[in-house]
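Survey of secondary and tertiary structure
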Amino acid sequence: MASMRSLLLPLGALGLGVAVAAGTPVSTTAAVASAPIGSASIGPPSIANVVAVQAGTIHLVQDGKVFEGGATILITDGKITAVGKDIEIPPGARVVDYGPDAVIAPGLVAANSTFGGRARSKRAVDPLVRAVDNFDTYTSPVFTLQEGITTVYMSPGQGRLISGQGAVVKLAGSSESERVLSDSATIEGSISEDARRTPGYWEPPVPATIDIGMGQQQQQLPHTLMGAAVALQELFEMARTGVDNPNYAPGVGRELQELTRAHKPWRIGANTVQEMRTLLDAFKQSSHPLIIEGANEAAALAQEIAKSGVPVIVDAPIAPNQGGRDFGKERDSDWPRYDAASALSRAGVKIAIAPSDRAPASDLRFAAAVMSRGGLDPEAALRAITLSPAEMLGVSDRVGSIAPGKDGDLAVFNGSPTDPSTSVLATWIDGEVAFSASDWNAKRDKNVSIGTVVVRVGELYVGDGEVLTPGEMLMRDGKIIAVGRSVGRPAGAVVVKAGAAGPGLIDALGYLGLEGSTRVPPARFELKRLVEPGDFADKRVAKSGVTTVALSPRGVARSGTPMMAYKPAGEDVERMIVADPVALRFQWNDRNRRESGKALEEILKKATEYDKKWSEYEEKRAKWTPPAATESSKSEGETKDGEAKKDGEKGDAEKKEDDEKKDAAKKDDKKDEKKDKKKKGEEDAPKPITGAWETKVTLPPFEEARMRLYVNDVDGKITGSLRCDALSSTLIQVTGTREKNKVTLSGEGSQGTVKLEAETKDDKLSGHVMLGDSKAAFEATQTSTEYETARRGEVRKPKEEKKTEIKGEPKAPNVDAELEPFRRAKKGEAAIVVGVDREDEILDCVDTFEKAGIKPILLGAEDAWKVADKIRGRVSGVLLTQRVVWTEAKTGALKRNRYAELESNGIPIAFHSDAEEGAADLPLIAAYAVSQGMSPTSAFYALTAGAARMLAIDKRVGLLKAGLDADVVLYDRSPLDVSAAVLRVWVNGKEVR
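A short tour of the structure in this document, coming up. (Residues numbered from 1 in each chain as written. Predicted model: local features only at pLDDT ≥ 70, side-chain atom pairs only at ≥ 80, totals over all residues. Heavy atoms only, no water.)

**Side note on the overall build of the protein**
Broken down by element type, the protein carries 23 helices and 42 strands. When the accessible area of the protein is evaluated, it comes to approximately 46700 Å², of which 49% is carbon and sulfur surface. (Helix = DSSP H or I, 4+ residues; strand = E, 2+ residues; numbered from the N terminus. Areas by Shrake-Rupley, 256 points an atom, 1.4 Å probe, with all protein chains shown as cover.)

Right, here's the structure in full:
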């Protein structure tokens, strides 16, 4: 019975394809037949252990060989015995045919993964740590298997010079021993920034005595890049002699000696040019094999790496299912690069592509697709996630390619393996099905109730779903003039050609421009007072395609927090503002669930009364007829005979009044001059230090680092933030006081309490900054004198002429800045954003707003999919979190694409970063949603016209339409393709450079 079950299950129960009668020869329609590759010699197998897998296309990967037009892979006892077009299938063997449109590739190999947990060792060097010891064979890897991944690398830890020994394992198999391909694949470590900040090592003595005490913390190296180079030489010497070094833990020398004698490669993390060059120089003098991992800036060193013969694992800089990342405003090396893989491949370097530490192994294909932005061709990308990582990790004799003698590990796709929109039909390990899409879907369905520029492109994406192929657009003076298949070419117009173009993308809720501030302004506060022309980070965000950001303070006030839509990379301050406020933001939830929504209900009642008064006024105004003009209503200055006085002509009484006013003004000026004169011996009043201060500090043992202090000084009480990599890897919120010219501040950073003591003198801030026992002197220069106040001069409003009241004319109600957004939202001219998650509270919230005649935007809305049919047509839209894929515990290990589900249910959605410079990641968040099943057209709409309409700013942005702002993004190919690269960007008709 067991053998019969293994014969039938993959065909009938799993529904993998068409089962061909045992022994029936497979016919192909290929014009040119190819001979089978190889034939392994084996003993007489059981018929139940022989399977023939067929598909229209088979990528062998080895030597770039591809079978097209139908081919067969013969697997016997879990091993590949033959592959080709004309394969003789043994009588009684299983035959699984996936059809002519299916594509088979080797099981994918993830050169990096989060399997095993990656706990950090307390020691800076600890080769005794083995990742295989954390291999849990009971963990379900179904989400990784359903991406075609069969083999993964397990890391022993992160952020250490030597973190331990990595392992290579399979995600399925008959026994644990068979699943472990290598229990000691590499000596893993890093010299990158995180590894150079290893904390001190402390182990309390047992027993503790009065003489010894609790022991002392031992400082661990390295702390600088130069120190890392020295430490590597010390490790090489220990590996050669087997003798320990007192700077490291006991037993390190002997373990390193054994590993190097076994020729284990050193897998060392390095991202910057300096770090990689340090590695190349250090290993050049030794005979140890090296693998570089990370390599964000490797494109600049491609030729040097090629000459060294060192292979490279390129970590794709992606963090899907998370908010946008903030990369800093100054250092270019902190920003992700997508050209490393392509540059290295062109130079002849062996490369592997892996997800970053912030992404699971299941995102391997997405990582490869993203790296294709730099120009990596599909064939090289496929090799980088199959054979190349297998070779680097020493397991290519078993996995990584389809060849006789290798394990029967296969990935079956419904399209190109490197296309992220392609899905996996099945994953095979050792000749058995480890994942079946048809079986999985059956289970899921059961459980889931300026200048003139002409843009000429092959595909013009208007933003609302319409695509012109080819298409042209004319923009002039910051506006779009015409859109069509062919537009005019005014004299002097610049013609720009590209593969595709679309409107600028919109971040529906982000923090770009707050510079870490957590202050919450009142509802009537004008955020446009914070605006200034774009800086380095703003332009980098725009170059990613994001041209408009709905800026929100991080906190939410009970009375509402204002949001502003603006263009961070714009250069004209007035035209940068799209709408202020664009929305008011509220939080429905309350810590006491019984109180949820009550405060907002009271505000809505006031807003309803306010709107009623204005409606009544507008109705009366529409019915009111002004009386006929009379003598008394003639404008001032008009003569009795109806002729106006000539300019400059005044009566005697008027001249006398003007003279009196001038005399009074002169007296006031003299009084002010007296007030300004300083009394003899009187000292200058202490100057507030509000604004930004910058300097550089050297805090041993770290290298020199930039320090930026951004504070607000109100009557000697100081609040603000401090940013310095040597003091903390995160932004430090500081508070303190100023007594005359002395300033004292403190705050908590990632490495402990940071204190600052300084004095102001001659426009300088001089003093010391302290972290623990470390102390550094500094002298900072003030670069800005503003903090959450107007960054530009206030524009004085012209004096309003006093309006003469006319008898019987309806009187307008007073304008209430806090309630006006509700009135505009009711008219569809603004938005109300409400944070709410639970399904019952979502319904209460929507009901309450419906009574007020307003369609809110739901923020967060985790349970919105549960009540989609009840809120459809009653909300302006939903802003989900950046967690695209959601796993419901109640329905088992099933994934849901929340964006796709809401969109398919008719609920408008948009994407938002929930970050500052991390807004640059917005296209990746959308691309990830597409890779998980969302329609590319719907995702692009949600990034453009959908977001604009949701926020009621579609009369300015979100579409390529005549009359709208000329915010345009040029791509090398369709923006619906995840591998599309942004070529050029215009904001308000001016190119971002």
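From this point, the discussion proceeds with the structure in view.
**Quick look at the sheet that holds strand 14 (residues 351–355)**
The strand order 7-8-9-10-11-12-13-14 describes an open sheet built from eight strands, whose pairing is mixed. Of all the strands in the sheet, just strand 7 (108–110) and strand 14 have a single pairing partner and so form its edges. Put simply, the sheet's adjacent strands are angled 25° from each other on average, direction ignored. Sheet contacts for helix 5 (residues 252–261): strand 9 (162–170), strand 10 (180–190) and strand 11 (266–270); angle to strand 10, the most-contacted strand, approximately 120°. (Pairing = 2+ DSSP bridges. Axes fitted to C-alpha atoms, helices over the stretch in contact; angles between N-to-C directions. Contact = heavy atoms within 4.5 Å.)

**Quick look at the side chain of Thr944**
Mapping Thr944 onto the fold places it in the loop between helix 22 (936–943) and helix 23 (945–950). Each residue touching Thr944, except ones within four places of it in the same chain, is listed here: Gly463, Pro503, Gly504, Leu505, Ile506 and Gly958.

**Re the layout of surface pockets**
The calculated volume of the second largest pocket comes to roughly 860 Å³. In terms of lining, the second largest pocket is formed by 35 residues, of which the most central are Tyr338, Arg373, Ala980, Ala981 and Val982. The set of elements that each furnish at least two residues to the lining of the second largest pocket consists of helix 13 (536–543), helix 21 (922–931) and helix 22. Ranked by residues supplied to the lining of the second largest pocket, first place goes to helix 21 with six residues. Grouping the amino acids of the lining of the second largest pocket by side-chain chemistry returns 23 nonpolar, four polar and eight charged. (1 Å grid on protein atoms, 1.4 Å probe; cavity = no way out; pocket = protein on both sides within 12 Å on 5 of 7 lines; lining within 4 Å. Points joined across faces, edges and corners; volume = space filled by probe spheres on them. Nonpolar A, V, L, I, M, F, W, Y, C, P; charged D, E, K, R; others polar.)

**Some thoughts on helix 21**
Across the ten residues of helix 21, ten count as buried, placing the element largely inside the fold. Downstream of helix 21 by one or two residues, Gly933 has phi in the positive range, about 115°. (Buried < 20%, exposed > 50% of the residue type's maximum accessible area, 1.4 Å probe, protein only.)

**A closer look at helix 6 (residues 273–284)**
Along an α-helix, residues three or four positions apart point the same way, because every turn accommodates 3.6 residues. Here helix 6 is twelve residues long and its end C-alpha atoms lie 16 Å apart, about the 16 Å a rise of 1.5 Å per residue gives. Along helix 6, the positions that sit buried rather than exposed are Val273, Glu275, Met276, Thr278, Leu279, Leu280, Ala282 and Phe283. In this fold, the buried residues of helix 6 make contact with helix 4 (225–241), strand 11, strand 12 (290–294) and helix 7 (302–308). (Expected span 1.5 Å × (residues − 1).)

**What about the packing of helix 21 against helix 22?**
It is the contact of helix 21 with helix 22, at a shortest axis distance of 9 Å, that shows an interaxial angle of 155°. One finds that helix 21 runs roughly antiparallel with respect to helix 22. Viewed along their axes, helix 21 and helix 22 form a crossing whose handedness is right-handed. Residues Leu922, Ala926 and Val930 of helix 21 pack against Pro936, Ala939 and Leu943 of helix 22. Taken together, the residues that form the contact of helix 21 with helix 22 break down as six nonpolar, no polar and no charged. (Parallel < 35°, antiparallel > 145°, perpendicular 65-115°, else oblique. Left-handed = near helix turned anticlockwise from the far one by under 90°.)

**Regarding unusual backbone geometry**
The peptide bond linking Thr469 to Pro470 adopts the cis configuration, its omega dihedral lying at -5°. Looking at the element boundaries, Pro470 is found in the loop between strand 19 (467–468) and strand 20 (471–476). Put simply, Asp580 and Pro581 share a cis peptide bond, and its omega is 0°. Topologically, Pro581 is positioned in strand 26 (residues 577–587). Residue Asn321 is not a glycine yet carries a positive backbone phi of 65°. On the secondary structure map, Asn321 appears in the loop between strand 13 (312–316) and helix 8 (340–346). Residue class for Asn321 comes out partly exposed when judged on its relative accessible area of 26%. Positioned with a positive phi, Ala952 is a non-glycine residue whose angle comes to about 60°. Examined against the element boundaries, Ala952 turns out to sit in the loop between helix 23 and strand 40 (968–971). On the basis of relative accessible area, Ala952 is assigned to the partly exposed category, the value being 22%.

**Quick notes on the pattern of salt bridges**
Taken as a whole and judged by the stated rule, the model has 46 salt bridges. Two residues, Arg94 and Glu432, come together in a salt bridge whose shortest N-O distance is 3.6 Å. Here Glu432 lies in strand 17 (residues 432–436) and Arg94 lies in strand 5 (residues 94–97), a separation of 338 residues in the sequence. Given the relative accessible area of 2%, Arg94 is considered buried. (Salt bridge = Lys/Arg side-chain N within 4 Å of Asp/Glu carboxyl O.)

**Looking at the nonpolar core**
Of all hydrophobic cores here, the largest spans 197 residues; its most connected members are Leu235, Phe822, Leu858, Ile871 and Phe911. With near-sequence residues (within four places) excluded, Leu235 lies in contact with Val125, Leu161, Ile162, Tyr248, Leu256 and Trp266. (Core = buried A, V, L, I, M, F, W, Y, C linked by side-chain atoms within 4.5 Å.)

**Things to note about the environment of Asp477**
Secondary-structure assignment places Asp477 in the loop between strand 20 and strand 21 (479–484). For Asp477, a relative accessible area of 48% corresponds to the partly exposed category. In sequence terms Asp477 and Asn988 are 511 residues apart; their C-alpha atoms lie 7.9 Å from each other.

**A short note on the environment of Ala777**
When you line up the elements, Ala777 lands in strand 34 (residues 774–784). Setting aside residues up to four positions removed in sequence, Ala777 forms contacts with Val697, Gly767 and His768.

**Some remarks on the sheet that holds strand 30 (residues 732–739)**
Strand order in the closed barrel made by the eight strands is 27-28-29-30-31-32-33-34, with antiparallel pairing throughout. Geometrically, the sheet is characterised by an average inter-axis angle of 25° between neighbouring strands, direction not taken into account.

**Considering the environment of Gly835**
Tracing the chain through its elements places Gly835 in strand 35 (residues 831–836). With ten residues separating them in the primary sequence, Gly835 and Cys845 have C-alpha atoms 9.7 Å apart. With near-sequence residues (within four places) excluded, Gly835 lies in contact with Phe586, Gln587, Trp588, Asn589 and Leu859.

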